[in-house]
Amino acid sequence: MRRITFLAVAGLMLASLPAVAFARPRLTLSGVFADADETMKLLMIALLAASLAALVVTGLKLASGRRLNGGSAFVSALRLGGPLIGLVGAAFVLLNIFLGIANFGGPVPLPVLAPGFAEAALLFLLGLLAGVVGVICHWVIESRIDRAVLQS
């Protein structure tokens, strides 16, 4: 009886080997970041850091009371430059993908290409996020300036 059980378990394990061999780990945002080129990682970190810095600058500007000191130029530059920087990074990644496809010479399976496309989309998304944060922070700062100017 033990031998039959052992053979049944061994047969099931061998039957499941192709499924295990072709099982791929799920692609996540952290996986996309981990697989990215070092330059693109720095660009992603810079876009996130710029978004957080815009929030900090806006908070400091709101907490400064009636004084209207610096920070507006950074937020204004971020709202215009963030999407462009993300777009340039995405275009660079897509260019590398297309060069790789051209040099491969044959059909490339989509699961091989998907991480590269996800990296390009993540860069573009982070650029858009930086732009949106910049726009909202700029609106907040401008309304604060308008209130301060109109009250005086």
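Everything discussed here concerns the structure shown above.
Residues numbered from 1 in each chain as written. Predicted model: local features only at pLDDT ≥ 70, side-chain atom pairs only at ≥ 80, totals over all residues. Heavy atoms only, no water.

Enquirer: Tell me about the overall build of the protein chain, residues and numbers included.
Expert: Helix and strand counts for the protein chain come out as five helices and zero strands. The N-to-C order of helical and strand elements in the protein chain reads α-α-α-α-α. By residue count, 27% of the 152 residues in the protein chain fall in the buried class. For the protein chain, the share of sequence-separated contacts (at least 6 apart) that also reach a separation of at least 24 residues comes to 79%. When the accessible surface of the protein chain is split by element, carbon and sulfur atoms take 75% of a total near 10300 Å². (Helix = DSSP H or I, 4+ residues; strand = E, 2+ residues; numbered from the N terminus. Buried < 20%, exposed > 50% of the residue type's maximum accessible area, 1.4 Å probe, protein only. Contact = heavy atoms within 4.5 Å. Areas by Shrake-Rupley, 256 points an atom, 1.4 Å probe, with all protein chains shown as cover.)

Enquirer: So what's going on with the pattern of salt bridges? Which residues, and what values?
Expert: In total, this model carries one salt bridge according to the counting rule given. Lys-41 is paired through a salt bridge with Glu-38; the nearest N and O atoms lie 3.8 Å apart. Taken as a pair, Lys-41 and Glu-38 lie in helix α3 (residues 38-63) at a separation of three residues, close to a single helical turn. (Salt bridge = Lys/Arg side-chain N within 4 Å of Asp/Glu carboxyl O.)

Enquirer: Talk me through the nonpolar core; I want residue IDs and the actual numbers.
Expert: The tendency in soluble globular proteins is for nonpolar side chains to be buried as a group. Grouped together as the largest cluster of nonpolar side chains are 22 residues, with contacts concentrated most on Met-40, Met-44, Ala-54, Val-93 and Leu-123. At the level of elements, α3, α4 (72-104) and α5 (110-151) are the ones that each hand at least two residues to this core. In terms of residue count, α5 provides more of this core than any other element does, nine residues in total. Ignoring sequence-local partners within four residues, the contact set of Ala-54 consists of Phe-74, Val-75, Leu-78, Val-133 and Cys-137. (Core = buried A, V, L, I, M, F, W, Y, C linked by side-chain atoms within 4.5 Å.)

Enquirer: Quick one: what's the story with the packing of α3 against α5, residue by residue and with numbers?
Expert: Following both chains from N to C, one finds α3 and α5 inclined at 15 degrees, their axes separated by 9 Å at the closest point. By the angle between their directions, the pair α3 and α5 is classed as roughly parallel. Read as a crossing pair, α3 and α5 show a hand that is left-handed. (Axes fitted to C-alpha atoms, helices over the stretch in contact; angles between N-to-C directions. Parallel < 35°, antiparallel > 145°, perpendicular 65-115°, else oblique. Left-handed = near helix turned anticlockwise from the far one by under 90°.)

Enquirer: Mind laying out a nonpolar patch on the surface, listing which residues take part and the relevant values?
Expert: Taken together, Leu-87, Phe-124 and Leu-128 make up a surface patch of nonpolar side chains, about 240 Å² in accessible area. Tracing the backbone through its elements, the reader meets Phe-124 in helix α5. (Patch = residues over 30% accessible without salt bridge, like charges linked within 9 Å, V, L, I, M, F, W, Y side chains within 5 Å.)

Enquirer: So what's going on with the environment of Val-140? Residues and values would help.
Expert: Among the secondary structure elements, Val-140 is positioned in helix α5. Sequence separation between Val-140 and Lys-61 is 79 residues; the distance between their C-alpha atoms is 9.6 Å. Beyond its immediate stretch of four places on either side in the chain, Val-140 contacts Thr-58 and Leu-62.

Enquirer: Help me get a handle on α3, residues and values and all.
Expert: In a regular helix each residue adds 1.5 Å, so 26 residues correspond to 38 Å; α3 covers 37 Å between its end C-alpha atoms and thus fits that length. If you check which residues of α3 are buried, you get Met-40, Lys-41, Leu-43, Met-44, Leu-47, Ala-50, Ser-51, Ala-54, Thr-58 and Lys-61. Looking at the buried positions of α3, the neighbouring elements they touch are α2 (29-35), α4 and α5. At the C-terminal side of α3, Gly-65 shows a positive phi close to 80 degrees. (Expected span 1.5 Å × (residues − 1).)

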